[in-house]
Structures are given as structure tokens and as C-alpha cells.
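These are the residues of each chain, in order.
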There are 6 protein chains.
Amino acid sequence: MSTREDGRADNELRPIKFTRGFTSHPAGSVLVEFGNTRVMCTASVTEGVPSWRRGSGLGWLTAEYSMLPAATHERNKRESVRGKIGGRTHEISRLVGRSLRACIDLAALGENTVAIDCDVLQADGGTRTAAITGAYVALADAVTWLGAAGKLNDPQPLSCVIAAISVGVVDGRVRLDLPYEEDSRAEVDMNVVATDAGTLVEVQGTGEGATFPRRTLDAMLDVATAGIEQLVEAQREALAAPYPGVLPAASK
Amino acid sequence: MSTREDGRADNELRPIKFTRGFTSHPAGSVLVEFGNTRVMCTASVTEGVPSWRRGSGLGWLTAEYSMLPAATHERNKRESVRGKIGGRTHEISRLVGRSLRACIDLAALGENTVAIDCDVLQADGGTRTAAITGAYVALADAVTWLGAAGKLNDPQPLSCVIAAISVGVVDGRVRLDLPYEEDSRAEVDMNVVATDAGTLVEVQGTGEGATFPRRTLDAMLDVATAGIEQLVEAQREALAAPYPGVLPAASK
Amino acid sequence: MSTREDGRADNELRPIKFTRGFTSHPAGSVLVEFGNTRVMCTASVTEGVPSWRRGSGLGWLTAEYSMLPAATHERNKRESVRGKIGGRTHEISRLVGRSLRACIDLAALGENTVAIDCDVLQADGGTRTAAITGAYVALADAVTWLGAAGKLNDPQPLSCVIAAISVGVVDGRVRLDLPYEEDSRAEVDMNVVATDAGTLVEVQGTGEGATFPRRTLDAMLDVATAGIEQLVEAQREALAAPYPGVLPAASK
Amino acid sequence: MSTREDGRADNELRPIKFTRGFTSHPAGSVLVEFGNTRVMCTASVTEGVPSWRRGSGLGWLTAEYSMLPAATHERNKRESVRGKIGGRTHEISRLVGRSLRACIDLAALGENTVAIDCDVLQADGGTRTAAITGAYVALADAVTWLGAAGKLNDPQPLSCVIAAISVGVVDGRVRLDLPYEEDSRAEVDMNVVATDAGTLVEVQGTGEGATFPRRTLDAMLDVATAGIEQLVEAQREALAAPYPGVLPAASK
Amino acid sequence: MSTREDGRADNELRPIKFTRGFTSHPAGSVLVEFGNTRVMCTASVTEGVPSWRRGSGLGWLTAEYSMLPAATHERNKRESVRGKIGGRTHEISRLVGRSLRACIDLAALGENTVAIDCDVLQADGGTRTAAITGAYVALADAVTWLGAAGKLNDPQPLSCVIAAISVGVVDGRVRLDLPYEEDSRAEVDMNVVATDAGTLVEVQGTGEGATFPRRTLDAMLDVATAGIEQLVEAQREALAAPYPGVLPAASK
Amino acid sequence: MSTREDGRADNELRPIKFTRGFTSHPAGSVLVEFGNTRVMCTASVTEGVPSWRRGSGLGWLTAEYSMLPAATHERNKRESVRGKIGGRTHEISRLVGRSLRACIDLAALGENTVAIDCDVLQADGGTRTAAITGAYVALADAVTWLGAAGKLNDPQPLSCVIAAISVGVVDGRVRLDLPYEEDSRAEVDMNVVATDAGTLVEVQGTGEGATFPRRTLDAMLDVATAGIEQLVEAQREALAAPYPGVLPAASK
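Numbering of residues begins from 1 in every chain and follows the order in which that chain's sequence is written. In the order they appear in the text, chains get letters beginning with A and ligands get numbers beginning with 1. Where local features are concerned, this predicted model is filtered to residues with pLDDT of at least 70; where side-chain atom pairs are given and counted, the filter is 80 or more; whole-chain, interface and lining totals use all residues. By convention in this description, side-chain values take in all heavy atoms of the structure and omit both hydrogens and water.

## Overview of the packing of helix α2 (residues 87-101) of chain A against helix α3 (residues 127-148) of chain A
Between two packed helices, the angle of one axis relative to the other and the distance separating the axes together describe the packing.
All names here are of chain A.
So, step 1. Between α2 and α3, whose axes approach to 10 Å, the crossing angle comes to 40°. What the angle tells us is that α2 and α3 run oblique. Crossing hand, α2 versus α3: right-handed. Taken together, the residues of α3 that come into contact with α2 (itself represented by R88, I92, L95, V96, S99 and L100) are T127, R128, I132, A135, Y136 and L139.
So, step 2. Residue composition of the contact of α2 with α3, by class: eight nonpolar, two polar and two charged. Axes, fitted as lines to C-alpha atoms, cover a helix only where it is in contact. Angles between the N-to-C directions of the axes lie from 0 to 180 degrees. A helix here means a DSSP run of H or I that spans at least four residues, while a strand means a run of E at least two residues long, and both kinds are numbered starting from the N terminus. For classification purposes, an angle smaller than 35 degrees is called roughly parallel, one larger than 145 roughly antiparallel, one from 65 to 115 roughly perpendicular, and anything else oblique. We call a crossing left-handed when the near helix sits turned anticlockwise from the far one by less than a right angle, and right-handed when that turn is clockwise. In this analysis, two residues are considered to be in contact whenever any of their non-hydrogen atoms come within 4.5 Å of each other. The residue classification treats Ala, Val, Leu, Ile, Met, Phe, Trp, Tyr, Cys and Pro as nonpolar and Asp, Glu, Lys and Arg as charged. All others, Gly included, are polar.

## Looking at the interface of chain D and chain F
So, step 1. Each side of the interface is counted separately: chain D has 31 residues, and chain F has 31 residues.
So, step 2. Accessible-area loss on putting two parts together, using a 1.4 Å probe and summing over both, is the definition of buried area adopted here. Each partner contributes to the roughly 2,700 Å² buried at the junction of chain D and chain F, and carbon and sulfur atoms together form 55% of this total.
So, step 3. The three residues of chain D that bury the most area against chain F are H25, R75 and R78 of chain D, which together make up 24% of that side's buried surface.
So, step 4. One speaks of a salt bridge when a side-chain nitrogen belonging to Lys or Arg is within 4 Å of a carboxyl oxygen belonging to Asp or Glu. One can count 10 salt bridges joining chain D with chain F.
So, step 5. Definition of a polar contact: a pair of N or O atoms within 3.5 Å, with one able to donate and the other able to accept a hydrogen when the atoms are protein atoms, and with sequence-neighbouring residues admitted only if both atoms are side-chain atoms. Connecting chain D to chain F are 16 residue pairs in polar contact (both at pLDDT 80 or more).

## Focus on the UniProt feature "binding site: phosphate" (unreviewed entry) in chain A
Residues and elements named next belong to chain A.
So, step 1. If you check UniProt for "binding site: phosphate" (unreviewed entry), the listed places come out as R88, G126, T127 and R128 in our numbering. Look at the named residues: they lie 41 residues apart in sequence, but the longest C-alpha span between them is just 13.4 Å, so in the fold they bunch up.
So, step 2. Structurally, R88 can be placed in helix α2.
So, step 3. A distance of 3.2 Å separates polar atoms of two side chains, one belonging to R88 and the other to Y65.
So, step 4. Note on placement: T127 falls in helix α3.
So, step 5. Excluding residues that lie within four positions of it along the chain, T127 makes contacts with T37, V39, Y65, R88 and V120.
So, step 6. Separated by 2.6 Å, the side chains of T127 and Y65 make a polar contact. UniProt positions are given in the numbering used here, feature names are shortened, and annotations may be inferred rather than shown by experiment.

## Considerations on the packing of helix α3 (residues 127-148) of chain B against helix α5 (residues 214-240) of chain B
Residue and element names in this part refer to chain B.
So, step 1. Where α3 meets α5, the closest approach of the two axes is 11 Å, and the angle between their N-to-C directions is 30°. When the interaxial angle is binned, α3 and α5 end up roughly parallel. α3 and α5 meet at a crossing whose hand is right-handed. Mapping the contact onto sequence places T133, Y136, V137, A140 and D141 in α3 and L231, Q235 and L239 in α5.
So, step 2. Class assignment for the residues of the contact of α3 with α5 results in five nonpolar, two polar and one charged.

## Side note on the sheet that holds strand β9 (residues 200-207) of chain D
The strands making up a sheet associate through backbone hydrogen bonding, with each pair oriented either parallel or antiparallel.
So, step 1. In short, DSSP must find at least two bridges between two strands for them to pair. On the basis of which strands lie adjacent, the open sheet formed by eight strands has the order β7(C)-β6(C)-β8(C)-β9(C)-β9(D)-β8(D)-β6(D)-β7(D) and antiparallel pairing. Strands at the two margins of the open sheet, each flanked by one partner only, are β7 (173-176) of chain C together with β7 (173-176) of chain D. This sheet shows a mean twist of 15° between the axes of neighbouring strands, independent of strand direction.
So, step 2. Sheet topology note: the strand β6 (residues 162-170) of chain C/β7 of chain C ladder contains four bridges and is antiparallel. What sits directly across from V167 of chain C, in β7 of chain C, is L176 of chain C.

## Here's the deal with the UniProt feature "domain: Exoribonuclease phosphorolytic" (unreviewed entry) in chain A
So, step 1. Annotation from UniProt places "domain: Exoribonuclease phosphorolytic" (unreviewed entry) at residues 12-142 and 160-226 of chain A.
So, step 2. With 27% helix and 32% strand, residues 12-142 of chain A has its two end C-alpha atoms placed 30 Å apart.

## Section: the packing of aromatic side chains
So, step 1. Pairing of aromatic side chains here covers Phe, Tyr and the six-membered ring of Trp, requires ring centres within 6.5 Å, and sorts the geometry by plane angle: under 30 degrees stacked, over 60 edge-to-face, intermediate tilted. Tallied over the entire structure, the rule returns six aromatic pairs over all chains.
So, step 2. Ring geometry for W52 of chain A and W60 of chain A: centres 5.0 Å apart, planes at 85°, overall edge-to-face.
So, step 3. Relative accessibility decides the category of a residue: with a 1.4 Å probe and only protein chains considered, values under 20% of the type maximum give buried, values over 50% give exposed, and everything between is partly exposed. Given a relative accessible area of 15%, W60 of chain A falls into the buried group.
So, step 4. The ring of F22 of chain E carries R38 of chain A above its face, with NZ or CZ at 5.6 Å from the centroid. Any Lys NZ or Arg CZ found within 6 Å of a ring centre and within 35 degrees of that ring's normal is scored as a charge over the ring.

Structure representation (C-alpha cells):
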């Protein structure tokens, strides 16, 4: 029977780890690890919202994803040095933002902005799904911080938990949480973002130089959904410990 | 019974129209219309391939999507004037390129590049799906041109037909081919790219400020798949007429 | 006797055609054709004026010219992708704006801006003169729209008709309205912008790798002036039909 | 009788001065003064030509025009800091290059490039015409330098002298060589580039918020042509003195 | 007696820590900590050198410094999003590169490039000196890697150890290794880069809104020099352990 | 005994010259010459301060340094054409600004900005030190202008004189004011900015591919300090003459 290079079963996640309070300036700061993929996810709170939203009474959440130059096998050129952001970076930044906005009541934030930053320290496949999953934990900490600071109109603005996982067809088999070695030769590649209730937030499936029948889509969704359940459990476990830094005194 | 503003049934496409030979310089040039959405899709052939591909013997296909400033209800600022391409433009350009590369045998092209340009003249929802569907027709014409010019290693490099359609949940109902008025208030929004064989190339579903159960995904895929069958028929019908311009004499 | 490749007399225009209401979102939208040169000219109305003009009570008119990538014989690179606008584009955009500002009373607009966009769908010489000539028609429609919307301080803010034509010396002969084939080998090249009253707005004559005597300038102006009279007639004829879309109800 | 603020007759040039050898690194370096307008014009020689011209055996000439930030009454922002070149700068750079290419036999240069730089130290109207007139003198010095270095295929590659002047309608009168005070309120503004033989290289006339009859164009050309004759005389006088620096020993 | 907020003596370093093998793709990867300042320093090896150096037989070393958005108290905007690199980033990147090039024999590298990346994860003053000090350790690891890969012309291309420290005048007292709280109100601020032999590589002293006598410079140098001795000891201790990853088999 | 190519003693300055009133639009305009190095330094006054400083009642001083393309032996590419400012330009602009802010009481300016521009017309080493030294003279003239215009809260906002000089180790000897020929092969290179009172503003010493002992630093500082004394004398002498232009009438 064909097995995966790292010994995992086809539907098995890599070891998942969250380090809350990874840095101390932002309201939420989490190092998330999906195997060798490591992403620093922070949630910074700033007063005010973008100009097109001012006066609405609603808050906002933005997200930026970036890869450090030495995160990949071959060093990649820094986008600030190139002077422009690549298409892939743009696409993932937008995905992270959309995904997290699905779980937060922006009215509860008042006119404050939460800026999510996902910086990949080490890449080994699945950086976007690790980023979303880790960013949720950072966001949960930022919400605790906002509550302590008396800046929330509603004590619990998070309506659900958000997690994401990759799934693909490799060597003709549906496999969960692809590392770089599998991702680079997958025939089909899918990223699924979902909630703790099992509802979907975003589904992106792509044939890589191939097309795929709908039953493959179904099989991939089955595996992804089960993986997300486990991720949500790991997120909840990580968030069970108290806030990892010093909370502000209420100022409102 | 709730009906759509334009009188269509929920699973009905808008009127679809292809004008081949819309302009005469590129090898393929098609004006595609999905209702009031009008996109000029061209396929230009240039000798040579990007530097990272040189010497491989393989061809390449790139795609760029863009919105003319006056295409939308409110004039949008020109990206060349801003000095950078927005995230949405990047994302759609990449999607169009990936989708069309799924149907073409790049080895058959030799070291030639086909550059697809999709410029939206008028936007009324579904511009990316119209772009992909029209670009396929332009690509088919460019392939005919390449064949006449004796530049193909294989007489039929297109392995399938590619079409794309949007589907969403509006007013709680699954609806096909959303115009702007529906798209802007859809609860769930999905774009499906598929082949004439019914296999999937790309599936992108997004909850807009909401999450959705898997059965909604299934219902949307059912409707989209049926829509794509009709699009493929329309593409075939459009391509039944002879090449709309002057073909080159073989030079190889 | 030497004749032109397309059979025209030296002082003859190519077939001229205006399609008003070419698209439906902007207040004015015209497809202009000078032979095979086809330019989509739109006039969009937005409230407000640039910051340096605010509080003056005066309106403003801006113009942007651009070439679609596949408009030329060889595909040209998209300026948004290069990240900067080329010198030629800048120069023509400025020319279009200056030319149209010569015919409009900006005080009559109040603090509103008309944004002219000239996007070349197919280029065969004379794109800038077609752009100016077509943009005048789009502007006239936008003025009708503004009047219907009750946004004009003066019911007729257009003081004259503006048209433009190219003229050059090819094969030693002064010729009107050069197509690409002639333009690319012209010894002298001139663009003339003038009014229905025969007065001049802009004259730009250039020796292409050659210099020219003043009597050549005079001969070129004679031919251009006669050509502009015919263009003005065609513009008037096109504008004789009613406004091609739905006019707004007055809101002022 | 209405006279000009600086006491000149309507058809009189401002004091013209050329300082050759203004700086010592470039092959040609001239400070040109048209009254208070002062432009540093340099002609630098570099081996090789742009890639699109390689292997042709022909040389090339490029030109760049720029305004120092403190050259104008109000300091203007540096284009390098803005990160892009404005439309006016682009337009003038192209004009300077085209004008000087009209007098030089590029075949005589071999595959060498002459880069003209015109940097305005102080602006008081007519900077583009001073730039062209001064750049010709710098180019003549660079040609002497190239000859001494044995790099010319033909000992005299300059076929004519090039000079340029502005002319306009101010207070209803046709006036030559407008300073800023007149230029800013001119009704019509024209720049003429011509040769010592009286033939024209470039004519650019613009109505500033007004249109003008053809007889005004004729009157302006009369005055400009006479002015250019005087400029050519001043250029010849300046070039009568020997090369102002150290010439290279022939190396070919 | 006035003491420092964190209880240190004026000439005392913050706790210094090096984590080698912090990530696994680059040849050298070190997390350096100066108190709460944490910088990820990597040294990546690529074949080839910049074009201006090709054919010289010499290697090259470049360096880039960057601050993650959430590294500071207030989130700072990402330079890739702004589209340009700020002056401070440029300045520090150049300083890091110059400093490390002082210790390495570029001829020994052959035509290979070492790219140093210093990404600040958390900033609390002294980020540039921590970056240099940590980058030396990453460089030493990369040199070990290069040696194992058989890519060195000389087995020991490092001629000295490089370390750097900040020193300043705060509250009228000369203090070593300033945290943000002291740095932001220092009257004089100096960065010293030196070797294990006590010789200087770079000295940059600045009065912040004040000037300072030469005896202050001398006092600051005394304190800095002693601090650097301790840093060098810490670097040596960190490097005493074996290479933290898998070394390549020699390939030359 | 080894002497310098230009015959100077090791501790001797090149001929220093200041031409005040070099151009007439800015409040201060000085051409400074250190031997063949020539920099045009202007100080322009504008109302208002950057947004982050508004409402503070304090003024601001900014500085920009730039090299004209033909200032160097080999023409260098214009930064406006590249679309970005290089690291060296950034670094020197920041140094000039910091240095001059050390001598001016920004409260005395009210909410006005002085913009310093240093444009190198000809480069022969020491451009940054010439820029600072010349810019001080331009600033002094701008302060006189501000006083005459009644815009100063304090009649004498300059607390000291600022000058700068380079010093280096060439051929094993400490030498003052290095021309390009020496600078390009110096083993150590230092720039010192100091006041007429002998206190230091900025010290930047760099080993160029070498390190240097502290006694070399001391010897360089001795030589630099003596040089600065002479520069200050030359600045005072230049400023002894009256303001070189027309002063404004007080308007406050």
C-alpha cells in the first residue's frame, strides 16, 4: 500500500501547534505550526477605520500575508525591494481577510480596525491555511484585549471559530494537509475554510494541469471537513489558557 | 413566487452572444456578451516564451484581465494611472490563465506564447466567467491561426472546451449567472469553471458575510453544471462558422 | 499618377462612423471609427472637482487615452503591468484634455468633473485625432445628460464643435488622414485640432528624420482644414438623433 | 503704445548667453541663458546603444529634461521622490530628443549613444526652447569630442544647426520669447524648432482656453523664424571658440 | 543615584541570546535576542553573483533589513504595500552589508552570493546592532555549510568576528545597549561595529537635536568597546556547538 | 615624502568657494565648491508643515540630495526615470536634514517649512560634506529672508554654524577632504559634521574592506576638526556680505 513520505495516513493532519503571546506588542500574536510550516500571525488594534467606512459606526478587519525571503527552499526576492506585490500575495491576503470577516461582528468593534498580519517564517506547504487558522487564534486574543480595554459594543463579537486546511489528489489518492513535496506534484489542490459548525466559508479547488470529476470534489470535502474539526479542537485547547500578556485597564 | 428582476428563471442564463473577429490584429478576437456584461477577449500569438521556460520546447499561455474605467456604474480609476494593479485584477488574471491552460497541450505550441487579454467594456456581473468563456473561443481561433501558419507540433492541441459561470444564493434562492444587481447582495457567491465533459477545472465559493452548508454547495454545483452545458453548446455553435479573418500561409 | 494603397484621393478622409450609446453606464459613450481605427470614447460625470480647484465654483474636464494591448499589429505591453505610463500616452492624454477644454465653459458645469476616456480597441493610424473627434460627441451627450439632471448653470456650455485630423507628407505628397501604413513612413506628420468656425485649437507638426519648408506647413494646413469641415458635418449628423439612453430626471 | 514689462520690442529676444565647458565630465556641457531662464545642457557619450537597436551599426541619441525643485517661483516636488515622471516632463524630453535627432546622422556615430540632459536651474518661461537651443551647442561639442576620439564614421555628422523659440499672443499682440509673466497669461502659445536653413523641425501651437485664426499662426511663424535666425547666429558665435576642455587622443 | 528603568548598570548589556538553526531552509538561520529585541537573521547561499561582478571569480554578500509590521508598539505600514523602501530601511540594509563584508574574504567564496536577511520580529531598540551581531553567527553557519559543500576556495574565509552595539547619552549619562524607552529620549546616539581584535568597522554617532563634545564621543567608545568584547564572547559560545542542521555532502 | 596628486598637504582643504544668490527664486541659493565638487544648495520657504506636525506651533526643515546624471565621470541613470530613489541618496538626504536641524530653533520658525535641496552639478568626492556646508549658508540667507518677512518668532533662530568635511586613510596616511581619486581607494573613510564651537553633530567612519584601530579614528578626528574650523571661517566670510537679493517687506 502506498504511504506518504512522512508516514501519515491520507486523512491525517501534520502536528499542529499554537504559541500564543509569541511577541508582545500586538494585542494578539500567535506562532502557528502545521508540521514544518511556521507562520507568525498577529492582530493589531488601531483606532479608526479606512476613510470609506468613517462615520458608519462599524469597525473593520484587514489582513496582509507575506513570505519572508528565506522561508522557502530557494530564497525568494523581497516584494518591498521589487516595489510591487505579486499576484499570489494579493490573492492570499484577500482570502485571509474575507475568511476572518466571516466570524466577527464588525458593529461590535465600534470604529476600530483589527489588522491581521501573517508572515511566513518557514514554508512547507499549506501556508495560507495555517495563516487563517493561526490568525483566528490571534484575533480571539485581540478580542479579549479589546474587551478588557472597554472598546467593545458587544462582549462577544465572534460568532464562530474559523479554520482552514488544504486537501489534494496526490498519486491518485485524496490526501489532507499537503506538505511542499506533495503540493508541488498534486493533480488537484483545494483549500477549504470552514467553521466549528461545519458550515463553509470558502472553497477553492483547482485542477493543476488536469480536470477532476465532481465525485473527487466530494471526497476532498469529506476529508477536509474532518480535518477542520480537529483544527477547531486544537484552537479551542490553545485558547483555553488565559490571555498570554498584560491586559489593558478599561478606558472607555 | 419570487421572480428575478429581469424575469429569468433561477437556473436560466442571460442571453449569450459571441462576436468572432471583433478586431482584426490578434489571431483570435471575440466580443462576448452575457446580458449587459461585455468583454473583449483576444488571443495574440508571439514567438518565444518567458525566460524561465526557454529551451524547454514547450509553449506558454498568459492572461491579463482588466476593467475599462467607464465599464462600471461609477467610473473606476485606471490602474496604469495608479501605478499598480489591484488585488482583484491580479486574482482574476491568474484564474483566467490557469483555466485556459487546463485545455491546451503546451508541447504542441512549440516555443510560442499565446497572450490572452480580457478587457471589460461594460460590467454587469459575471465579468470573470464571461472572460473565461469568451477567451476560450478566442483561443480556439488562435489555434486555427497557428495551425494555418504551420506552427503546431500537433494539429489539435485543445483537449477540451472550457466555460465558466457564476452561481449564488440571492434572496435565499440558488440562482445562475448573477447580474450586478443580484451579485452585490448575494449571500453566497460561486464561480465554476468546467469542461464539455463535465469535469471541473476550478471551483471558488465564498460566503459573503455569511457561511453556508454543504448542501448549498451541492445545489449551486448542480445549477452551474447545467449552465455550463448550455455555454459549451453556444461556444460550439459560434465556432462552427469559418475563421473570421485572413489566415496566414504556412511558413514552417 | 501615384495613388494611395486604399484607393483614396490625397485629400480624402477614410470612412467615418460614430456609434452613440456604445455602452450604457457613462453619460456619453461613443465608438468612433476612422477606417480601421476604432476608439471607444466615454464621458463620465462625477460630483466634485480636484482639490486644487475646490471652492472655485468651476467644473473640470480631464482626459485619459490608452491603447488596449491587442490593438496594434504586435501586442504591446499593458501599462498597468509595467507600473508606469509611457511618454506617448501622457502626451496624448494631455492633448485630448486641452482640446476639449477649449470648447466648454467650465463655469457652466458647477463643481462637477467630466472624465473623458479614450480606449483604442483597434489602431490603424490617427488614433489621437479619432479620439478627440469621438470624445467631442461623447462630451456633447454628457452635456445633454447634465442638462437633464439639472446640473448646468448655463443651458449651452459648449461654445463650438471640436474635431481633429492628421495630415502628412508621404511619397512626397501631402495626404490627409494617414493609416498606419502611411504614417509609419511619412516624412512629415501633423495633427490639427480645430473648430467648426475654422479657428485652430492645436497644431503639432513634426519632421520625422527630416525638416520641412514653411510652404509644406501651409499646404498641410489647407488640406487639414478642409478635412475638419467634413468631420464637423459628420459629428453634427451623428448628434442630430436623440440622446441614445435614458436621461435622468432633474434633481437640482 | 503698449510695451513689454521688460522693455523689449514685441519681436525681440531676451539676452542669450552660452557658457561652454560649464562642467567638465561630459563631452559637451553648456549653460544656456535666455534672460533669467537658465538650463544646464550636457551631452554624454556612452558606448553601445539600446537593445532594440543593437547590431544595426547605427548610433542613438536620447534626451531627458528635468526641472530642479527650486527652479520655479514655488518649489515643485522632485519627480524621483514622487516615484514617477509627470506628463509635462515626458512631453518635453521627447521633444528635445526628436528635435536633435533631426540634425545628426546616426550612422556616423557607429553604435554609440549620446545622452542629452537638460536640467533647468532657474525657470522664467521658455525652458524647453532654451533647452533645445543649448543642447545643440552641447551636442556640437560632443561631436568634436567623438571626432578627436576617432569614434566617427563620418567627420561631420551634423547636417544643420537646430534652435528653438517660443512665441505667443499676449495682450492681443504677437510676442517673441515669452518670460513666465507673459507666458502665464498668453492667449496662444507656440514653440517652433527650426534649422539654420529656415526649414521647420517641429511646430506646436496651442490656444490656451481660446482658439485662434490661421492668420495669427502665420504672424507667429514670421516672428519665430526671425528669432531663430538670431539664435543660430549666437550659437555659431559661441561655437567659434575652441573646444573648452581636454580632447581625448584618438583610440580607434 | 539614578538607575535605569530595567535595573541595569550604565555599561551593562541586556540579556543576549542566539538560537541557531531557527529555521531550516537557509544555510544559516539565527534568532538573536538583545533583551526584548528579537531579529531573525538568515544567510542564504545562491550560485552566481550580480551581473556587474560576473567573471571576476569573486563572491558577493548582500544584506536586507526589514521590520515586520507588528514589531513596533504601533503597527507600521508594510513597505511592500507602500511600494517603496523607506530611507531608514535602506540605510540599515547598507550598514549590515558593509559590516559583514569587512570580515569575509570574497575570493574564497568563488562566484557564489551570500544573501543576509534580517527581519525584526519584535523591536525594543538596537535592532540594527542586534541584526549585525546575529547575522555574523548566521554567516558563520553558512560558511560551514559552504565548506561542507566543497564550495570554498579557502577553508576559513572569515578573518575576524563582527559585532555591534548601541551606546548613547541618556539623562546626561553614557549608557550601553539602549532599549526603545531610552533610545527615544537619548541626547546622543551612537552605533559601533567592531571586531574581536578591538578594531573598528563602522562608527556612527549622532546628536539628536543637540551637539556633543569630543570627550563624550571618547566615553561612548570606551563603553561600546567593552560591550562588544562581551558580545564576541557570546557569539563564540553560541558557535561552539556543532552546525544545527544537516550539512550537504561535498559536490565540487 | 609621498605627496598628494593635487599637491596639497595631507591636512589641507581644497579651494573652497561660496556663491550666494546663485539663483533668484528660493530664499537662499548658494553654489558651493570644494575643488571640482560643485553643489547647488537652495533653501526654499513654504507655509505650513507636514501633517504629523500641524498644530504644534513648530516649524520643520527637510532636505533632499540628488546627483545630476552628468555630474559623475560616467553618466548615472536619473532616479526619476528609474522610479525609485537609491539607498545612497536616501542616506545622504537624511544626513543633511539631521545636520541642519541641529543648528536651528524650529519653534522660532512658526509653522513654516524650510526645504533644503542639494543638487550636485559636478562630483569630485566629498559631495555630501560640501552639500551640508553650502546648505548652512543657504539656510542662513533663508533665515534673513524669513526675518525680513516678519515670519520669525525669535530674531536669531540659528544657534551655531554647521560645517562638514571628509577625512580618510589613503596610502596609509590620514588625509583631509578627499577628491574622487583618493576617495575611491581610501582604506578608511569618515565624514564629520561639527559646529563652530567644535562640538560634534555627526560622525560616520567606515572601514572600506578593512578595519581600523581607535588611534586612527582619533587622528582622523584631529584633522577633521581643524578643517572644520577653516570651513566655518569661510562660511562667515561669505555671509559677511549683505543678502544677495531683494528682501520681502514684512507682512506679519
